[in-house]
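Understanding the architecture of this molecule
Listed below, chain by chain, are the residues.
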Amino acid sequence: MRLVSFARPGAPGRALGVHDEEGILHLAHAAAILETPERDRALLATMESLLAEWERGEPLAREVAARARAAGDRAAAFLSAVRFRPEDVVLLSPVAQPPAVRDFYAFETHVKNARARRGLTIPAEWYEAPVFYFSNPGALIGDGAPVARPASSKALDYELEIACVIGRRARDVPADDWRSVVAGFTILNDWSARDVQRKEMAVGLGPAKGKDFATSLGPALVTQDELADRMAPVPGAGDRLQLAMGARVNGKTLSRADVADMQFTFGQMIARASADVYLFPGDVIGSGTAGNGCLLELGPETHPWLEPGDEVTLEIERLGTLTNRVA
């Protein structure tokens, strides 16, 4: 399934939908038309309500979507009123304010290139265990939303990443059990103010203000079954995903990579993130930037820092495209 959080002009709040070849189906309204019990319909109100009871809600969402596709003429007439064209809705970040956003540093090429720009090599400790930082869960934006460059920055950058969203409260998750806690995957753009980041990292803390002003997520939360044929088992580490990735600025391709290039798997990252603490439904786990997946790595000879009016599109195979314009 491709689950989306969306809003309609003139309608209050966020809604949960399934995006398929016929459009975006408003799940809660479709469930009401199909006379699904009210208690079950409540699970389909938002992405947050679905994730809170993912083990029960995910099959329910599938059932409602399947029944809607197979509905007879009478029900189909009502269902058509709660199915929307993508251009008629606003796609939001799949999760609004997750309990936590952890962004890892999992691509060796990115680490090597970024550190080389500062005259540094990769520390031996990086290979010992996946590391991450906490970002701002209140700064998530969706596909199509504008991104404002911080007033204190002149060096705005994009970052090409993949992320998963947690669907079950869990602690000390073994790497091989990662699938049991993940609801699905999405695209992440970890916008970075490089000049701000450089100064705070020189102090030995962060990144913080160089990152916390905006994180794009979307356009959809794609469930694991959609990617099953792109997962290769890695004993003791979970599975390695193989999905092509790319980034364009103003229509020109600047970055190409593959999720398979990650040094650490999502299984290893989830094991690290959950060690001694709980993960909660809605938590976001980012991969970190893909190799050559940002302007910092590519250098000014490839493209200058982003300016107002620039449009950035990230694309990951099977997950779609995530586009934002600098305000």
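Cut-offs and rules
- Residues numbered from 1 in each chain as written.
- Predicted model: local features only at pLDDT ≥ 70, side-chain atom pairs only at ≥ 80, totals over all residues.
- Heavy atoms only, no water.
- Helix = DSSP H or I, 4+ residues; strand = E, 2+ residues; numbered from the N terminus.
- Buried < 20%, exposed > 50% of the residue type's maximum accessible area, 1.4 Å probe, protein only.
- Contact = heavy atoms within 4.5 Å.
- Areas by Shrake-Rupley, 256 points an atom, 1.4 Å probe, with all protein chains shown as cover.
- Pairing = 2+ DSSP bridges.
- Axes fitted to C-alpha atoms, helices over the stretch in contact; angles between N-to-C directions.
- Salt bridge = Lys/Arg side-chain N within 4 Å of Asp/Glu carboxyl O.
- Polar contact = N/O pair within 3.5 Å; in protein donor to acceptor, adjacent residues only side chain to side chain.
- Core = buried A, V, L, I, M, F, W, Y, C linked by side-chain atoms within 4.5 Å.
- Phe/Tyr/Trp six-rings, centres within 6.5 Å; stacked < 30°, edge-to-face > 60°.
- Lys NZ or Arg CZ within 6 Å of the ring centre and 35° of its normal.

So, about the overall build of the protein chain. Of the regular secondary structure elements, the protein chain holds nine helices and 22 strands. Reported as C-alpha extents along the three principal axes, the dimensions of the protein chain are approximately 70 × 45 × 30 Å. Taken across its 327 residues, the protein chain has 53% of its residues classed as buried. Taking the intrachain contacts of the protein chain between residues at least 6 apart in sequence as the baseline, contacts between residues at least 24 apart amount to 73%. For the protein chain, the accessible area works out to roughly 14200 Å², and carbon and sulfur atoms hold 52% of it.

What follows covers the sheet that holds strand β18 (residues 252-258). Strand order in the open sheet formed by four strands is β18-β17-β21-β22, with antiparallel pairing between adjacent strands. Looking at strand neighbours, the two that pair on one side only are β18 and β22 (320-325), the edges of this open sheet. Going from strand to strand, the sheet's axes swing by 15° on average, the running direction of each strand aside.

One pass over the structure, following the stated rule, counts 23 salt bridges. With its nearest N and O atoms 3.9 Å apart, the salt bridge here joins E22 to R83. Pair noted here: E22 is in the loop between β2 (15-20) and β3 (23-26) and R83 is in strand β4 (residues 83-84), with a separation of 61 residues, a long-range link. Take R83: its relative accessible area is 17%, and that puts it in the buried class. Of the charged contacts in the structure, one is a salt bridge between D172 and R171, with a shortest N-O distance of 3.6 Å. Several salt bridges converge on common partners, so that one network encompasses D157, E159, D190, R194 and K211.

The next subject is unusual backbone geometry. For the bond running from G206 to P207, omega is 5°, close enough to zero to count as cis. Relative to the helices and strands, P207 resides in the loop between α7 (194-203) and β14 (215-223). Located in the positive-phi region is E35, a residue other than glycine, with phi close to 60°. Topologically, E35 is positioned in the loop between α1 (27-33) and α2 (38-43). Judged by relative accessible area, which is 70%, E35 ranks as exposed. Although it is not a glycine, N292 sits at a positive phi angle of roughly 60°. Of note, N292 is situated in the loop between β20 (284-286) and α9 (295-298).

With that out of the way, let us pick up the side chain of S255. Note that S255 resides in strand β18. Here the side chain of S255 touches Y158 through a polar contact of 2.7 Å, side chain to side chain. Not counting the four nearest positions on each side in its chain, S255 is found in contact with Y158, L160, M245, G246, A247, N292, G293, C294 and L298.

So, on to the nonpolar core. In this structure, Y158, I162, F185, F266, I270 and L306 are the most contacted members of the largest nonpolar core, which totals 60 residues. One finds L16, L43, A61 and V82 within the second-largest nonpolar core, a separate group that totals 33 residues.

As enumerated under the stated definition, the model contains eight aromatic pairs in all. Between W126 and Y127, the aromatic rings sit 4.9 Å apart at their centres with planes inclined by 85°, giving edge-to-face as the arrangement. Taking relative accessible area as the criterion, W126 reaches 4% and is therefore assigned buried. Owing to a relative accessible area of 36%, Y127 belongs among the partly exposed residues under this scheme. Seen from their ring centres, F132 and F134 are 5.3 Å apart, and the 80° between their planes marks the pair as edge-to-face. Assessed through its relative accessible area of 29%, F132 is described here as partly exposed. Among the aromatic residues, ring-to-ring pairing joins F104, F132 and F134 into one connected group. One Lys or Arg, R171, reaches over the ring of Y278 and ends 5.3 Å from the middle of that ring.

Before going further, it helps to examine the pairing of β14. Note on strand geometry: in a regular strand, side chains alternate between the two faces of the sheet. Within β14, nine of the nine residues are buried, leaving the element largely enclosed by the surrounding structure. Looking at chain direction, strand β8 (residues 140-141) and β14 are connected through two bridges and run parallel. Across the sheet, I141 pairs through a bridge with S216, a residue of β14. The pairing of strand β12 (residues 182-189) with β14 spans five bridges and is antiparallel. Counterpart to L188 in the pairing with β14 is L217.

Here the focus is the side chain of Q224. Here Q224 lies in the loop between β14 and β15 (231-234). Relative accessible area serves as the criterion here: at 14%, Q224 is assigned to the buried category. Dropping the residues within four chain positions of it, Q224 is found in contact with W178, R179, V182, A183, F185 and M231.

Moving on: the environment of L241. Position of L241 among the secondary structure elements: in strand β16 (residues 238-241). A C-alpha to C-alpha distance of 8.9 Å links L241 and M262, two positions 21 residues apart in sequence. Excluding residues that lie within four positions of it along the chain, L241 makes contacts with I162, F185, L227, R230, M231, D258, V259, A260 and F266.

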